[in-house]
Amino acid sequence: MKSPIKRILTLALVSFLTACSTQITLDDVLPQQKLDRTVYLRGDFTLWDAEPQYQFTQVARSLYQAEVKFSTPGKVYEFKIADADFSEGYNCGYSDTQPAGQKLTLVQPAVADCNTIYNYFSYTPAIKGTYIVSIDYSNYDKPQVTITKK
């Protein structure tokens, strides 16, 4: 059962949208960042090559993910998110503005810099397994990278 406040807000939003002379869609309200090229998870585990099994796929608006298996707990894995040519704007590593620097922490978003040459992320898994690396382009100027355990 919806709360009275939710019902009132829903009715107000519907009334507002139907009263407008132009039609408003979600695309007008939410950012849409569809990449115009393929990006890959590239790191020491791929010898920094762009390999098909580490290709990012779009899973939601502005959200892309790739899976990786980390088989050695305690090992520091280094990686970037980049296209096949490490092109400007598609060469994402850690941002120098990040207080934690290059080290990712499980489920904690980190701001990426997609114009960096040398700044790679690092992650040290506590246990072996499959992990999901996500990049969220909701704010295209400050995309966020997150790593989670699958």
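To keep things clear, this report deals only with the structure shown in the data block. Since we're looking at a predicted model, the values are computed, not measured. (Residues numbered from 1 in each chain as written. Predicted model: local features only at pLDDT ≥ 70, side-chain atom pairs only at ≥ 80, totals over all residues. Heavy atoms only, no water.)

### Observations concerning the pattern of salt bridges
- Under the criterion given, the structure shown has 4 salt bridges.
- As a salt-bridge pair, D36 and R37 come within 3.3 Å of each other at their nearest N and O atoms.
- Close ionic contact of R37 with D83 constitutes a salt bridge, the shortest N to O distance being 3.1 Å. Taken together, the residues span a long stretch of sequence, with R37 in the loop between α2 (26-29) and β1 (40-43) and D83 in the loop between β4 (77-82) and β5 (91-94) at a distance of 46 residues.
- Residue classification places R37 among the partly exposed positions, given a relative accessible area of 35%. (Salt bridge = Lys/Arg side-chain N within 4 Å of Asp/Glu carboxyl O. Helix = DSSP H or I, 4+ residues; strand = E, 2+ residues; numbered from the N terminus. Buried < 20%, exposed > 50% of the residue type's maximum accessible area, 1.4 Å probe, protein only.)

### Brief notes about the state of the cysteines
- All chains considered together, the criterion is met by 1 disulfide.
- The side chain of C92 participates in a disulfide bridge whose partner is C114; the two sulfur atoms lie 2.0 Å from each other. The S-S bond linking C92 to C114 shows a torsion near 105°; that makes this disulfide right-handed. With C92 in strand β5 and C114 in the loop between β6 (110-113) and β7 (121-123), the pair connects residues that are 22 residues apart, well separated along the chain. (Disulfide = S-S within 2.5 Å.)

### Some remarks on the side chain of D83
- Overall, D83 belongs to the buried group, its relative accessible area being 4%.
- A polar atom in the side chain of D83 sits 3.1 Å from the backbone nitrogen of D85.
- A distance of 2.8 Å separates a polar side-chain atom of D83 from the backbone nitrogen of F86.
- Discounting residues that sit within four places of it in the chain, D83 has contacts with R37, T38, V39, Y40, R42 and Y90. (Polar contact = N/O pair within 3.5 Å; in protein donor to acceptor, adjacent residues only side chain to side chain. Contact = heavy atoms within 4.5 Å.)

### Describing unusual backbone geometry
- With a phi angle near 65°, W48 is a residue other than glycine that sits in the positive phi range.
- The residue W48 is located in the loop between β1 and β2 (57-60) in this model.
- Despite not being glycine, F86 shows a phi value in the positive range, around 50°.

### Here we look at the packing of aromatic side chains
- Applying the stated criterion across every chain yields a total of 12 aromatic pairs.
- Where F70 meets Y131, the ring centres are 5.4 Å apart and the plane angle is 40°; that geometry is what we call tilted. Of this pair, F70 sits in strand β3 (residues 63-70) while Y131 sits in strand β8 (residues 129-136); the two residues are 61 residues apart in sequence, bridging distant segments of the chain.
- Take Y131: its relative accessible area is 1%, and that puts it in the buried class.
- Put simply, the rings of F45, Y54, F70, Y77, F79, F121, Y123 and Y131 touch in pairs and so form one group of aromatic residues. (Phe/Tyr/Trp six-rings, centres within 6.5 Å; stacked < 30°, edge-to-face > 60°.)

### Things to note about the environment of P125
- By the element assignment, P125 lies in the loop between β7 and β8.
- Linking P125 and S71, residues 54 residues apart in sequence, is a C-alpha distance of 8.7 Å.
- Ignoring any residue separated from it by four or fewer positions in sequence, one finds P125 in contact with F70, T72, P73, G74, K75, Y77 and Y131.

### Notes on the pairing of β6
- Direction of pairing for β5 relative to β6: antiparallel, over a ladder of 2 bridges. If you follow Y94 over to β6, its bridge partner there is A112.
- One ladder, built from 2 bridges, connects β6 with strand β9 (residues 144-149); its direction is antiparallel. Bridging across to β9, A110 finds its partner in V145. (Pairing = 2+ DSSP bridges.)

Any functional reading would require information beyond the geometric quantities listed.
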